[in-house]
Amino acid sequence: MTDKYAVIGNPVSHSKSPLIHSLFAQQTGQDMSYEAIEAPLDGFAATIERLRAEGYKGCNVTVPFKFEAYQLCTRLGDRARDAKAANTLIFRDGEILGANTDGAGLLADIEKNLGFKLMWKDALLLGAGGAAAGVLWPLFNAGVGIVIANRTIEKAQLLADEFKGSGTVYARRYDELAGKQFDLVINATSSGLKDELPPLPDGIFKPGALAYDMMYGRETPFLRYAREQGATAISDGLGMLVEQAAEAFYLWRNVRPDTKPVLEKLRA
Ligand code: ATR
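Computed from a prediction, not measured in an experiment: that's the story for all the values here.

Moving on, we get to the sheet that holds strand β8 (residues 145-149). The strand order across the open sheet built from 6 strands is β9-β8-β7-β10-β11-β12, with neighbouring strands paired in parallel fashion. Two strands close off the open sheet at either side, each with one partner strand: β9 (169-172) and β12 (233-235). Strand-to-strand twist across the sheet, computed as the mean angle between neighbouring axes with direction ignored, equals 20°. This element, helix α7 (residues 153-161), spans β8 and β9 of the sheet and lies at about 175° to β9.

With that settled, the discussion passes to the domain arrangement of the chain. The domain architecture assigned to the chain consists of domain 1 (3-100) and domain 2 (103-237). Distance between the C-alpha centres of domain 1 and domain 2: 27 Å. Residue-level contacts link 6 residues of domain 1 with 7 residues of domain 2. The three residues of domain 1 that bury the most area against domain 2 are R79, D82 and A83, which together make up 59% of that side's buried surface.

Moving on, we come to the pairing of strand β11 (residues 205-213). Sheet analysis places strand β10 (residues 182-187) next to β11, joined by 5 bridges and oriented parallel. Its bridge partner being in β11, I186 is matched across the sheet by Y212. Relative to β12, β11 is paired through 3 bridges, and the arrangement is parallel. Across the sheet, Y212 pairs through a bridge with S235, a residue of β12.

Close to the ligand lie 16 residues; N150, R151, T152, K155 and E196 are nearest. A128 is positioned such that a nitrogen or oxygen atom in its backbone is 2.9 Å from an oxygen atom of the ligand. Taking E196, its side chain carries an N or O atom lying 2.6 Å from a nitrogen atom of the ligand. In isolation the ligand offers 650 Å² of accessible surface; the protein chains occlude 76% of this area. Of the residues assigned to the shell around the ligand, the class counts are 4 nonpolar, 8 polar and 4 charged.

Another aspect to go through is the packing of aromatic side chains. Considering all chains together, one arrives at 9 aromatic pairs under this definition. Ring centres 4.8 Å apart and planes at 55° place the aromatic pair F140 and F163 in the tilted group. Pair noted here: F140 is in helix α6 (residues 130-141) and F163 is in the loop between α7 and β9, with a separation of 23 residues, a long-range link. Take F163: its relative accessible area is 4%, and that puts it in the buried class. Aromatic ring contacts, followed pair by pair, group Y5, Y34 and W252 into a single cluster. Of note, K121 hangs over the ring of F116, and the distance from its end group to the ring centre comes to 5.0 Å. Against the face of Y250 rests R256, its NZ or CZ located 3.9 Å from the ring centre.

Reading guide: rules and limits
- Residues numbered from 1 in each chain as written.
- Predicted model: local features only at pLDDT ≥ 70, side-chain atom pairs only at ≥ 80, totals over all residues.
- Heavy atoms only, no water.
- Pairing = 2+ DSSP bridges.
- Helix = DSSP H or I, 4+ residues; strand = E, 2+ residues; numbered from the N terminus.
- Axes fitted to C-alpha atoms, helices over the stretch in contact; angles between N-to-C directions.
- Contact = heavy atoms within 4.5 Å.
- Domains from an automatic or database assignment.
- Buried area = accessible area lost by both parts, 1.4 Å probe.
- Near = heavy atom within 4 Å.
- Polar contact = N/O pair within 3.5 Å; in protein donor to acceptor, adjacent residues only side chain to side chain.
- Areas by Shrake-Rupley, 256 points an atom, 1.4 Å probe, with all protein chains shown as cover.
- Nonpolar A, V, L, I, M, F, W, Y, C, P; charged D, E, K, R; others polar.
- Phe/Tyr/Trp six-rings, centres within 6.5 Å; stacked < 30°, edge-to-face > 60°.
- Buried < 20%, exposed > 50% of the residue type's maximum accessible area, 1.4 Å probe, protein only.
- Lys NZ or Arg CZ within 6 Å of the ring centre and 35° of its normal.

Shown next as structure tokens:
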């Protein structure tokens with residue numbers, strides 16, 4: 001029997017996950033289906049219950065339900081626990097197992113696909129919402145020094161407080177960044193959705209710096225700014241999307257898909 005999976009979000013119709021997982025399934029010969037399901041904003045838990053009752057094996061969770069998904073889990077992987085958010089669920093033996101593959105996806109894209117070594121690098125993480133929280137611990141564990149910048153400094157400070165005493169994660173306002181330089185600047189704000197640019201000072205990119213926008217599918221003001229400011233490597237978040245999907249696929253199917261041809265196909 002074909003094993004059923006889905007991605008749940010709101011909105012979700014734009015999601016590339018069904019295409020990515022069907023390419024993975026084709027490539028690895030896995031008998032599975034994968035669809036996009038829009039849950040009502042107040043109906044995430046009910047949607048999960050329905051999927052479990054209908055025999056689905058698991059699902060991905062996207063905006064805005066990752067935090068609620070985390071709360072529904074009966075068992076958590078360490079990255080989901082760190083981020084207090086889950087993007088991958090497995091339904092097994094009456095339990096809901098939760099994982100967060102976003103951080104691993106970002107790391108794989110930066111290190112493997114872009115060939116940028118993270119250890120000892122200085123990163124500026126823009127934003128302090130769910131997207132930023134999801135990648136903070138994995139970046140920290142990769143040996144990256146991190147400054148979190150956010151308009152609402154209190155939110156950045158709350159995230160940085162989780163690393164108190166480590167000496168490598170700090171919260172700053174945008175106007176405190178003048179004169180500072182970074183090897184890596186990651187845009188985890190939702191500013192690109194509104195075609196806006198976070199209020200960055202000039203000159204924040206070190207020579208050879210990588211500018212990374214976690215959004216994909218459009219040239220954001222941040223990526224344009226990075227190009228003008230002389231960032232050497234520039235990437236959107238499409239590779240992260242494919243890599244986090246590959247991690248989820250591995251958790252569900254115990255098979256690692258080759259992400260390269262899938263990413264090439266999506267870029268074409
Ligand atoms: P997500 O789950 O996608 O991270 P979120 O929790 O709503 O979404 O967080 C959005 C993030 O983008 C926040 O860090 C927000 O900054 P504030 O907390 O100061 O509001 C940030 N953001 C959104 N638009 C922005 C803009 N134009 N410039 C800078 N930051 C922006």
